[in-house]
Amino acid sequence: MAKAHTSDWADHYVPFDQPIITSPAPVQVAQAPSAAETSHVIQASLTEVSTFDTQMTGEPAVIKTVAPQFDATDETGDTPEPRRDIRIIAGDWVNMRQGPGTDFGVVTTLPRGTEAEIIDETADQWARIRLLETGQVGWMASWLLSD
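Residues numbered from 1 in each chain as written. Predicted model: local features only at pLDDT ≥ 70, side-chain atom pairs only at ≥ 80, totals over all residues. Heavy atoms only, no water.

> Can you tell me about the pairing of strand β7 (residues 126-131), naming the residues and giving the values?
One ladder, built from five bridges, connects strand β6 (residues 115-121) with β7; its direction is antiparallel. Along β7, the bridge assignment pairs E117 with R130. Relative to strand β8 (residues 137-141), β7 is paired through five bridges, and the arrangement is antiparallel. Across the sheet, residue W126 finds its bridge partner in β8, namely A141. Taken together, β7 and the strand that follows it, β8, pair antiparallel across an intervening segment of five residues, in which G135 is found at a positive phi of about 80°. (Pairing = 2+ DSSP bridges. Helix = DSSP H or I, 4+ residues; strand = E, 2+ residues; numbered from the N terminus.)

> An account of the nonpolar core is needed here, citing residue identities and associated values.
Inside soluble globular proteins, nonpolar side chains tend to come together where they are buried. With 13 residues, the main nonpolar core has I89, M96, L110, I129, L131, M140 and L145 as its most contacted residues. Contributions of two or more residues to this core are made by β4 (94-97), β6, β7 and β8. Broken down by element, the residue count for this core peaks at three residues, all from β7. (Core = buried A, V, L, I, M, F, W, Y, C linked by side-chain atoms within 4.5 Å. Buried < 20%, exposed > 50% of the residue type's maximum accessible area, 1.4 Å probe, protein only.)

> Account for the environment of L131, with residues named and values stated.
Along the polypeptide, L131 turns up in strand β7. The exposure class assigned to L131 is buried, which follows from its relative accessible area of 5%. Between the C-alpha atoms of L131 and T114, which are 17 residues apart in sequence, the distance is 7.7 Å. Those residues in contact with L131 that lie beyond four places of it in its chain are M96, L110, T114, E115, A116 and Q136. (Contact = heavy atoms within 4.5 Å.)

> How would you sum up the side chain of E117? Please name residues and give values.
With respect to the element layout, E117 can be found in strand β6. For E117, the residues in contact, after removing those within four places along its chain, are R84, D85, I86, R128, I129, R130 and L132.

> Describe in detail the pattern of salt bridges, supporting the description with residues and values.
By the definition in use, this model includes five salt bridges. Notably, a salt bridge pairs R87 with E121, separated by 3.9 Å at the nearest N-O pair. Placement of the pair is R87 in strand β3 (residues 86-88) and E121 in strand β6, with a sequence separation of 34 residues. Take R87: its relative accessible area is 12%, and that puts it in the buried class. For R130, the salt bridge is made with E117, and the minimal N-O distance between the two is 3.2 Å. On the criterion of sequence distance, the pair formed by R130 in strand β7 and E117 in strand β6 is long-range, its members being 13 residues apart. For R130, a relative accessible area of 33% corresponds to the partly exposed category. The network of salt bridges with common partners includes R84, E117 and R130. (Salt bridge = Lys/Arg side-chain N within 4 Å of Asp/Glu carboxyl O.)

> How would you sum up the pairing of β6? Please name residues and give values.
Pairing geometry for β3 and β6, over three bridges, is antiparallel. Residue pairing across strands places R87 opposite A116, the latter belonging to β6. Counted along the chain from β6 to the antiparallel partner β7, the turn is four residues long, and its residue Q125 has a positive phi close to 65°.

Written out as structure tokens, the structure reads:
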């Protein structure tokens, strides 16, 4: 005698045109650290956005997305300065010029190891720099600066 074959999946089958929609699980939010526990706290919030799911149910669906809103102040209430791009002169006695090219006059000649902040860079490999020691500004071939 042949035994009829039954499957467990048949008990859980849901037709495609009748999807099961469940509510999302609640999200636990961690307690924010105190000022004594951290030196910087960046605050962010969640933004709720609505969209319509007309193909499946015709009902509005709520989608929660993260939309960070940063508080750019530190614990003293001051806004921190942006990170500076500091490089070192990698060549021996390199010319710092008035503009981005060898057609511009030489402002000064710098020895290897001089520290400079990158202010701007051009597509044709010239960098506008500010010397850390003197504050003097000029241009130099960017391939003569360390990475």
